[in-house]
Amino acid sequence: MTYAQLVNAVLRRLRENSVSVYNESSYSTLIGDFINQIKKEVEDSWDWSQLRQTVTFTTVANDNNYTMDGTTSDIAMGERFKIFNIIDDDNDTEVYPVDYAWLKKYNLQGTQQTSQPYRYMLDGATNGNPNIQLFPIPDAAYPLYIHAKIPQNDFVSDSEVLKVPHLPVILGAYSLALSERGEEGSVNPALAQEMYHTTLSDSIAMDAQNYQSELEWIQV
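Keep in mind that what you see is a predicted model, and the values were worked out from it rather than measured.

Conventions adopted
- Residues numbered from 1 in each chain as written.
- Predicted model: local features only at pLDDT ≥ 70, side-chain atom pairs only at ≥ 80, totals over all residues.
- Heavy atoms only, no water.
- Helix = DSSP H or I, 4+ residues; strand = E, 2+ residues; numbered from the N terminus.
- Rg over C-alpha atoms; globule rule 2.2 N^0.38 Å.
- Buried < 20%, exposed > 50% of the residue type's maximum accessible area, 1.4 Å probe, protein only.
- Polar contact = N/O pair within 3.5 Å; in protein donor to acceptor, adjacent residues only side chain to side chain.
- Contact = heavy atoms within 4.5 Å.
- Pairing = 2+ DSSP bridges.
- Axes fitted to C-alpha atoms, helices over the stretch in contact; angles between N-to-C directions.
- Core = buried A, V, L, I, M, F, W, Y, C linked by side-chain atoms within 4.5 Å.
- Salt bridge = Lys/Arg side-chain N within 4 Å of Asp/Glu carboxyl O.
- Expected span 1.5 Å × (residues − 1).
- Arc of directions from axis to C-beta.

A.B. asks: Sorry, what's going on with the overall build of the protein chain here?
C.D. replies: Helix and strand counts for the protein chain come out as five helices and nine strands. When its helices and strands are written in sequence order, the protein chain yields α-α-β-β-β-β-α-β-β-β-β-β-α-α. Taken over C-alpha atoms, the radius of gyration comes to 22 Å for the protein chain, far larger than the 17 Å a tight globule of 220 residues would show. For the C-alpha atoms alone, the extent of the protein chain along its principal axes is close to 70 × 40 × 30 Å. The buried share of the protein chain, reckoned over its 220 residues, is 41%.

A.B. asks: Would you mind going over the side chain of Gln-133 with me for this structure?
C.D. replies: Along the chain, the position of Gln-133 falls in strand β7 (residues 129-135). Gln-133 gets classed as buried once you look at its relative accessible area, which sits at 5%. For Gln-133, the side chain forms a polar contact with the side chain of Asn-65, separated by 3.1 Å. Separated by 3.0 Å, the side chains of Gln-133 and Asp-123 make a polar contact. Residues within four places of Gln-133 in sequence aside, it is in contact with Asn-64, Asn-65, Leu-103, Lys-104, Asn-107, Arg-119, Tyr-120, Met-121 and Asp-123.

A.B. asks: Whenever I open this one, the pairing of strand β6 (residues 119-126) confuses me. Can you help?
C.D. replies: As a general feature of sheets, a regular strand has side chains that alternate between the two faces. Where strand β4 (residues 93-97) and β6 come together, two bridges link them in parallel fashion. Across the sheet, Pro-97 pairs through a bridge with Tyr-120, a residue of β6.

A.B. asks: Looking at this structure, how should I read the sheet that holds strand β2 (residues 65-67)?
C.D. replies: Sheets are built from strands paired through backbone hydrogen bonds, the pairs being either parallel or antiparallel. Taken together, seven strands build an open sheet; the order of strands is β1-β9-β3-β4-β6-β7-β2 and the sheet is mixed. Strands with a single pairing partner mark the edges of an open sheet, and in this sheet they are β1 (52-58) and β2. In this sheet, adjacent strand axes meet at a mean angle of 35 degrees when their direction is disregarded. Bridge count between β6 and β7: six bridges; the pairing is antiparallel. The partner of Arg-119 across the bridge, within β7, is Phe-135. Lying over the sheet, helix α3 (residues 100-108) contacts β6 and β7, oriented at roughly 50 degrees with respect to β7.

A.B. asks: Is there a simple way to explain the nonpolar core in this structure?
C.D. replies: Inside soluble globular proteins, nonpolar side chains tend to come together where they are buried. Ranked by internal contacts, the top residues of the largest apolar core, which has 33 residues, are Val-7, Val-10, Ile-31, Ile-35, Val-42 and Trp-48. Those elements that provide at least two residues to this core are α1 (3-13), α2 (26-44), α4 (166-180) and α5 (189-208). Sort the elements by how many residues they give to this core and α4 lands first, with seven residues. With residues up to four places along the chain from it excluded, the contact list for Trp-48 reads Val-42, Glu-43, Val-164, Pro-165, Leu-200, Ser-203, Ile-204 and Asp-207.

A.B. asks: Teacher, can you tell me more about the pairing of β7 here?
C.D. replies: For β7, the tally of buried residues reaches seven of seven residues, placing the bulk of the element in the interior. Note that β2 and β7 share three bridges and pair antiparallel. Across the sheet, the residue bridging to Thr-67 is Asn-131, located in β7. Between β6 and the antiparallel strand that follows it, β7, lie two residues; Asn-127 among them carries a positive phi value of about 55 degrees.

A.B. asks: Is there a simple way to think about the pattern of salt bridges in this case?
C.D. replies: Where charged atoms of side chains with opposite charge meet at close range, the side chains can pair. In total, this model carries seven salt bridges according to the counting rule given. Of the charged contacts in the structure, one is a salt bridge between Asp-47 and Lys-82, with a shortest N-O distance of 2.6 Å. Placement of Asp-47 in the loop between α2 and β1 and of Lys-82 in strand β3 (residues 82-88) is noted, with a sequence separation of 35 residues between them. For Asp-47, a relative accessible area of 12% gives the class buried.

A.B. asks: Even after reading the chapter, I still don't get α5, so can you show me in this structure?
C.D. replies: Because an α-helix packs 3.6 residues into every turn, residues spaced three or four apart end up facing the same way. In a regular helix each residue adds 1.5 Å, so 20 residues correspond to 28 Å; α5 covers 28 Å between its end C-alpha atoms and thus fits that length. Within α5, the full set of buried residues consists of Pro-189, Ala-192, Tyr-196, Thr-199, Leu-200, Ser-203, Ile-204, Asp-207 and Ala-208. Taken around the axis of α5, the buried residues stretch over an arc of 165 degrees, which confines them to a single face. Exposed side of α5, more than 90 degrees from the buried face: Ala-190, Glu-194 and Met-206 are the residues found there. Turning to α5, the residues buried within the fold contact α2 and α4. N-capping of α5 is provided by Asn-188, with a side-chain oxygen placed 2.7 Å from the backbone N of Ala-190.

Right, dumping it as structure tokens:
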């Protein structure tokens, strides 16, 4: 569903007139804000298959810092990403995460190493996109593939299309709208909130069937 369609789906449940653009009135703009708020909540609740993407970038010799901004990388990762793993495609090896102190220690200690990178850490952000620092410093061009969950940015135009299941987003925004205007609606806000959480749980359960191995705890 598009942003405008989501706004109208909530307005209909509130017995309000539909709008042709999401910001046609101050009230429809408020509903749009609720849509974005609940969209974030739904996106953060599970590693949705619809949000999983592969981000690619290629290293440059003697440079170990890269910003995943859609220029250095093919996709901008934004602020709310989750990295599953990073793969060196040429060498069929994984680049493993390390903590900040470890990488800073080895990058600053003694002579800087240059070789095929096999460790990475997140090192701040530039314009809202993460910086990735590699170890050792690459000595050549290595194509790296980041498998990650990347939520959508806040919607700002009517035609933007929601990736995660739409019904939890609609019902969540509807429950916020009912709470905002008190008991005026025909549905109790607490009931609407319960409907939202039930629908969200059902949607997560449906998507989780595609990733059974991620739900299993294996003792090692």
